[in-house]
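# Architecture at a glance
Next come the chains, spelled out residue by residue.
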Amino acid sequence: MSYTKDQLLARLKELQIDFSQYEHPAVLTVDAQAKYVGDKGGGLSKNLFLKDKKSRFYVVSALADTKVDMKVLSQRLGLGKGGIRMAPEEALGEILQVPLGCVTPFALMNESARNVSLLLDKGFITQDYCFFHPLSNDMSISLHAHDLDKFLKSIAREPSYVDLEANPPVGKDQPPDLAVFVPSGSIILPELPEKAAPVEGHTESRTTAAKKSTTAADAKKSTKLPGGSVKNVEDESAVAAHQLRIFSDAGSFVEEILNRTSNILLSEIKEDSTRQNGEQLGAVVADNIRKHLGSDLKNLAIMFKNTAYAQGFYAGTHCHPKPL
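Remember, predicted model here, so these are calculated numbers, not experimental data.

## Examining the overall build of the chain
Within the chain, the secondary structure is distributed over nine helices and ten strands. Taking the intrachain contacts of the chain between residues at least 6 apart in sequence as the baseline, contacts between residues at least 24 apart amount to 66%. Here the chain has roughly 20,000 Å² of accessible surface; of this, 54% comes from carbon and sulfur atoms.

## A few points about the environment of N137
Considering the arrangement of structural elements, one finds N137 in the loop between β6 (130–132) and β7 (139–143). As a C-alpha pair, N137 and P25 span 112 residues in sequence and 7.9 Å in three-dimensional space. For N137, the residues in contact, after removing those within four places along its chain, are H24, P25, A26, V27, L28, L100, G101 and C102. Side-chain polar atoms of N137 contact the backbone oxygen of V27, separated by 2.7 Å.

## Focus on the pattern of salt bridges
This structure, assessed with the given rule, holds five salt bridges. A salt bridge links D177 to R76, with the shortest nitrogen-to-oxygen separation between them at 2.8 Å. In this pair, D177 is assigned in the loop between β8 (161–162) and α6 (206–218) and R76 in helix α3 (residues 70–76), connecting sequence segments 101 residues apart. What makes D177 partly exposed here is its relative accessible area of 38%. The exposure class assigned to R76 is buried, which follows from its relative accessible area of 4%. As a salt-bridge pair, E111 and R114 come within 3.6 Å of each other at their nearest N and O atoms.

## Thoughts on the side chain of D149
Looking at the element boundaries, D149 is found in helix α5 (residues 145–154). Although buried, D149 forms no salt bridge, and the nearest oppositely charged side chain, K153, lies 5.9 Å from it. Among the polar contacts made by the side chain of D149, one reaches the side chain of Y161 at a distance of 2.5 Å. What D149 contacts, discounting residues up to four positions off in sequence, is P159 and Y161.

## A short note on helix α2 (residues 30–37)
Along α2, the positions that sit buried rather than exposed are A32, Q33 and V37. Down the axis of α2, the smallest arc covering the buried residues is 120°, so these residues share one side. Relative to its buried face, α2 has exposed residues pointing more than 90 degrees away, namely D31 and K35.

## Side note on the confidence of the model for the chain
Looking at the chain, the pLDDT average stands at 77 and 58% of residues meet or exceed 70. Low pLDDT, under 50, characterises residues 186–240; the stretch is placed with 34 contacts to residues that sit more than four places away or in other chains. For residues 271–276, every residue scores under 50 in pLDDT, and the model assigns this stretch two contacts once sequence neighbours within four places are set aside.

## Points about unusual backbone geometry
Even without a glycine there, the phi angle at S55 is positive, about 60°. Position of S55 relative to the elements: it lies in the loop between β2 (43–52) and β3 (57–63). We note that Q97 has phi near 60°; this positive angle belongs to a residue other than glycine. With respect to the element layout, Q97 can be found in the loop between α4 (89–96) and β5 (117–121).

Parameters and conventions
- The numbers attached to residues start from 1 for each chain and follow its sequence in the written order.
- In view of the model being predicted, local features appear only for residues whose pLDDT reaches at least 70, and side-chain atom pairs are presented and counted only at 80 or more, with totals across whole chains, interfaces and linings using the full set of residues.
- The side-chain quantities take in all heavy atoms of the structure and omit both hydrogens and water.
- Each helix corresponds to a stretch of at least 4 residues labelled H or I by DSSP, and each strand to a stretch of at least 2 residues labelled E; elements are numbered beginning at the N terminus.
- In what follows, residue pairs with any heavy atoms lying within 4.5 Å of each other are defined as contacts.
- Only the protein chains shown count as cover for residues, and the accessible areas themselves come from Shrake-Rupley with a 1.4 Å probe.
- Whenever two N or O atoms come within 3.5 Å, that pair is a polar contact, provided that in protein one can donate a hydrogen and the other can accept it, and provided that, for residues adjacent in sequence, both atoms are side-chain atoms.
- The salt bridge criterion pairs a side-chain nitrogen of Lys or Arg with a carboxyl oxygen of Asp or Glu, the two atoms within 4 Å.
- Here the term buried applies to any residue with accessible area under 20% of the maximum for its type, exposed to any over 50%, and partly exposed to those in between, with areas from a 1.4 Å probe on protein chains only.
- Counted as positive: Lys and Arg. Counted as negative: Asp and Glu. His and the chain ends are not counted at all.
- The reported arc concerns the directions from the helix axis to the C-beta atoms and nothing else.
- The quantity called pLDDT is the predictor's confidence in a given residue, expressed from 0 to 100.

Here it is in structure tokens:
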């Protein structure tokens, strides 16, 4: 269920956020919006809903006069020159759950947008206040950047302001500076399959590869250990694959932490025989832990993963073995 304009405004009042609201006819562009609130002072915002080739989504919110070069932004995210583009309109309704012309940071309060990355223009900080549509383009509201921050933190989003006009070099000595904003999880929408790129150095035919797979599958999957015990190679491989999936994806890593935390909590509460309805209480508490900690832990895990990637990239390009 998506939030409405009235629910958003009520939420801002609950948070004691100071804002002004201006009703006007529905508008689809910044220029059209400027006709109604352009004389109020402050900065108008333009908001882009973007998608990369792996169906990961981004909202880029910038001042109206900030120049956002899509090719440069794509490179800074580590996606190559053409790795990012405008998201299709069907994704707008599916992910952000707002109509065309209503994209703003406020749309991230919808649960369906939990994996959408947000990049904010650092120019917002210099403005007395900025204008955004409150989930509906027949109204504009103005508020200061620190009040926008207050709202974002209330939905477990840590505000991040970047220089969207910067064009830093990206190469072997300079890893992409915005790679930390690439979300690890995403809601995948149906898309035409892409042809897999050929693997360099492997020229065997599909038939040969299939035969090898069949032979490997039919092979014995156990190994004798000293003392006559048997080690199940298949089971060990499955465990290794499971661990690789967990530790290579921030969302899976966080899910594993939450599962283990919930299991410990539930076992402790169930063992307390003096507590009434212990099992039901444990389930409620575990769900609340998952709800309130999940997003924060995932952001920390993404930052950890991308930082490790950047440091590894740097080490790999700067540390050369001494000649023998």
